[in-house]
Amino acid sequence: MYIFICLATFVSVQQGLCQVPPPNTVLVTNKDQLWRYQVGIYPGSNAITLGDEKIILYTYIDRFIDDRLVDEFGFISNREVIPEVGTNERFQIEFIDNDRGIVAIKTSQNKYWSYNSEFPQTHQYCWNQPCLTARKSTVGKNETFQIYINQNEDVIYIVTTVTDTLYPDTRYVSAGAPIAYGGGVINFSKWYYDDYFDNDFYKFTQLRGWKIGSRDKWSARDKWEAVCSLDNINNVAPGRCTFSTTVGTSVAQSQTWSINTSLTIKVGVTFKLIFTADITTTIGTTWSETSSQTWSEAVTITTSVDVAPGTKVTLYQAVGSYGPASVRAHEFLAIAEDGHGKVIRKCKSKDPTSICDLIQ
């Protein structure tokens, strides 16, 4: 028999058991709240990719939840410990009811996460608790969940919306099950209280975001970046400013934004979509209309600009950023000044060698 209790308005009378919402959390009602968890679609390599189509779930025991189902019962596991995030580690969140935060979670095999209490007493991997399975291609009462997120938006708790009379306090998706087939089957547990793991058990219900750093660092931004400057004010002959720069997208770690694992980040095939949708340009660049090379692996170009006598020229390149991704477009701005520092010419071009015909 199933009863629906312990939803967003439920307050437990017993500290630590079926405590929904968890302390210092809010209900997730839209996918933007899950920005630390979002990844792009699988690009053909086992790496984290930038995008917002899917989420990955990094557990307290440094494993990723994956949907390579354990045996014929369709158990979801947390066995992924090798350094890869492929198709099986990506899940899709579908909001069934935004106001109540009711969601369904779909696997790469188009099956939905399901609360399953059929096996606790008969299947060794469930550790005498309901298990998480993925065998159904439609959403029923057992396939709906709520997600709660902490104030820093870097820890979530996934809670079933169903409580049955046999396990009335067992609500939280937990990565603390015993090891099976190289990894642990995901089961359901009580909130930060369990005799098996003492007071540390609550951490197994914490699912961490992979993005580290403030949210603004993981938003699309742009600027003009100086790539060449030549002061030819006191010369009577043309000068030449030779420079090298890159055009394309590259990824690098930094101290202000990083990731929770040692895995590789790649841009992914949908990065252009998320960047151009998120950007509010401050430099007037229409990023969606930049060349295809902008969104490909960065390549180095070396070129030069001739500078007319009696002028100073500074050449800038359109540069975007999104977390660890740097996007450098084949779009340039030239500013020419006279000997008094007055701007005498300013213009843009996709060809840095002929901007404004600066030698004229």
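For the structure, check the block above.
As the structure is a computational prediction, the values presented were derived from the model and not from experiment.

Q: Can you tell me about the overall build of the chain, naming the residues and giving the values?
A: The helix and strand tally for the chain stands at one helix and 29 strands. Across the 360 residues that make up the chain, the buried fraction comes to 51%. In the chain, 65% of the contacts between residues at least 6 apart in sequence involve partners at least 24 apart. Summed over all atoms, the accessible surface of the chain reaches about 16,100 Å², with 49% contributed by carbon and sulfur.

Q: Before we move on, could you go through the nonpolar core and cite the residues and values that matter?
A: Counting 30 residues, the largest nonpolar core has Ile48, Leu50, Trp210, Phe271, Phe275, Trp287 and Tyr322 as the members making the most contacts within it. At five residues, strand β28 (residues 325-337) tops the list of elements feeding residues into this core. Residue contacts for phenylalanine 275: discarding those within four places in its chain leaves Ala220, Arg221, Trp287, Trp295, Gly320, Ser321, Tyr322 and Val327. Val28, Leu132, Ile158 and Val173 belong to the second-largest nonpolar core, a separate cluster that totals 26 residues.

Q: Tell me about the pattern of salt bridges, residues and numbers included.
A: Under the defined criterion, the tally for this structure stands at nine salt bridges. The residue aspartate 306 makes a salt bridge to arginine 240 at a minimum N-O spacing of 2.8 Å. Of the two residues, aspartate 306 sits in strand β26 (residues 299-307) while arginine 240 sits in strand β23 (residues 239-251), which places them 66 residues apart along the sequence. Here arginine 240 falls in the exposed class, since its relative accessible area comes to 55%. When salt bridges with common partners are traced through the structure, they connect Lys223, Glu225 and Arg328 into a single cluster.

Q: Give me the state of the cysteines: which residues, what numbers.
A: Within the structure shown, the criterion is met by one disulfide. For cysteine 228, the disulfide goes to cysteine 241, at an S-S distance of 1.5 Å. One end of the pair, cysteine 228, is in strand β22 (residues 221-232); the other, cysteine 241, is in strand β23, and 13 residues separate them in sequence. We note that cysteine 228, like cysteine 241, is buried.

Q: Can you lay out the packing of aromatic side chains for me, pointing to particular residues and giving the numbers?
A: Evaluated as defined, the whole model comprises 14 aromatic pairs. Summarising the aromatic geometry, the rings of tryptophan 113 and phenylalanine 145 are spaced 6.2 Å apart at their centres and angled 90° between planes, so their arrangement reads as edge-to-face. You can see tryptophan 113 sitting in strand β11 (residues 112-116) and its partner phenylalanine 145 sitting in strand β13 (residues 145-150), a full 32 residues away along the chain. Taken as a pair, tryptophan 113 and phenylalanine 145 share a single burial class, namely buried.

Q: Tell me about the pairing of β28, residues and numbers included.
A: Among the 13 residues that make up β28, 10 are buried, leaving the element largely enclosed by the rest of the structure. One ladder, built from four bridges, connects β23 with β28; its direction is antiparallel. What sits directly across from glycine 248, in β28, is arginine 328. Of the strand pairs in this sheet, strand β27 (residues 311-322) and β28 are connected by 10 bridges, and their pairing is antiparallel.

Q: I'd like a description of the side chain of threonine 314, backed by residues and values.
A: Its place among the elements puts threonine 314 in strand β27. Exposure remark for threonine 314: the relative accessible area of 9% places this residue in the buried category. A distance of 3.3 Å separates a polar atom in the side chain of threonine 314 from a polar atom in the side chain of serine 229. Beyond its immediate chain neighbours, meaning those up to four positions away, threonine 314 contacts Ala226, Cys228, Ser229, Leu333, Ala334 and Ile335.

Q: Give a description of the pairing of β11 that names residues and reports values.
A: Of all five residues in β11, five are buried, a share of seventy percent or more. Of the two faces of β11, the one lined by Tyr112, Ser114 and Asn116 and the one lined by Trp113 and Tyr115 are each fully buried.

Q: If you had to explain the environment of glycine 339 to someone new, which residues and values would you point to?
A: By the element assignment, glycine 339 lies in the loop between β28 and β29 (343-349). When the C-alpha positions of glycine 339 and asparagine 232 are compared, they lie 9.1 Å apart, and in sequence the two are 107 residues distant. If near-sequence neighbours (up to four positions away) are discounted, glycine 339 is found in contact with Ile233 and Gly310.

Q: Can you break down helix α1 (residues 271-278) residue by residue, with the values?
A: Spacing of three or four residues puts side chains on the same side of an α-helix, whose turn is 3.6 residues. Phe271, Ile274 and Phe275 are the residues of α1 that are buried. For α1, the angular spread of buried residues about the axis comes to 95°, placing them on one side. Those residues of α1 that are exposed and aimed more than 90 degrees away from the buried face are Leu273 and Ala277. The elements touched by buried residues of α1 are β22, β23, β27 and β28.

Q: I'd like to hear about the environment of glutamine 38, residue by residue, with values.
A: In this fold, glutamine 38 is placed in strand β3 (residues 38-39). We classify glutamine 38 as buried; its relative accessible area is 7%. Setting aside its immediate chain neighbours within four residues, glutamine 38 contacts Lys31, Asp32, Gly51, Asp52, Lys54, Ile55, Trp210 and Lys211.

Q: Report on the environment of threonine 303, specifying residues and quantitative values.
A: Its place among the elements puts threonine 303 in strand β26. On a C-alpha basis, the gap between threonine 303 and cysteine 241 in space is 8.5 Å, while along the polypeptide they are 62 residues apart.

Conventions and cut-offs
- Residues numbered from 1 in each chain as written.
- Predicted model: local features only at pLDDT ≥ 70, side-chain atom pairs only at ≥ 80, totals over all residues.
- Heavy atoms only, no water.
- Helix = DSSP H or I, 4+ residues; strand = E, 2+ residues; numbered from the N terminus.
- Buried < 20%, exposed > 50% of the residue type's maximum accessible area, 1.4 Å probe, protein only.
- Contact = heavy atoms within 4.5 Å.
- Areas by Shrake-Rupley, 256 points an atom, 1.4 Å probe, with all protein chains shown as cover.
- Core = buried A, V, L, I, M, F, W, Y, C linked by side-chain atoms within 4.5 Å.
- Salt bridge = Lys/Arg side-chain N within 4 Å of Asp/Glu carboxyl O.
- Disulfide = S-S within 2.5 Å.
- Phe/Tyr/Trp six-rings, centres within 6.5 Å; stacked < 30°, edge-to-face > 60°.
- Pairing = 2+ DSSP bridges.
- Polar contact = N/O pair within 3.5 Å; in protein donor to acceptor, adjacent residues only side chain to side chain.
- Arc of directions from axis to C-beta.

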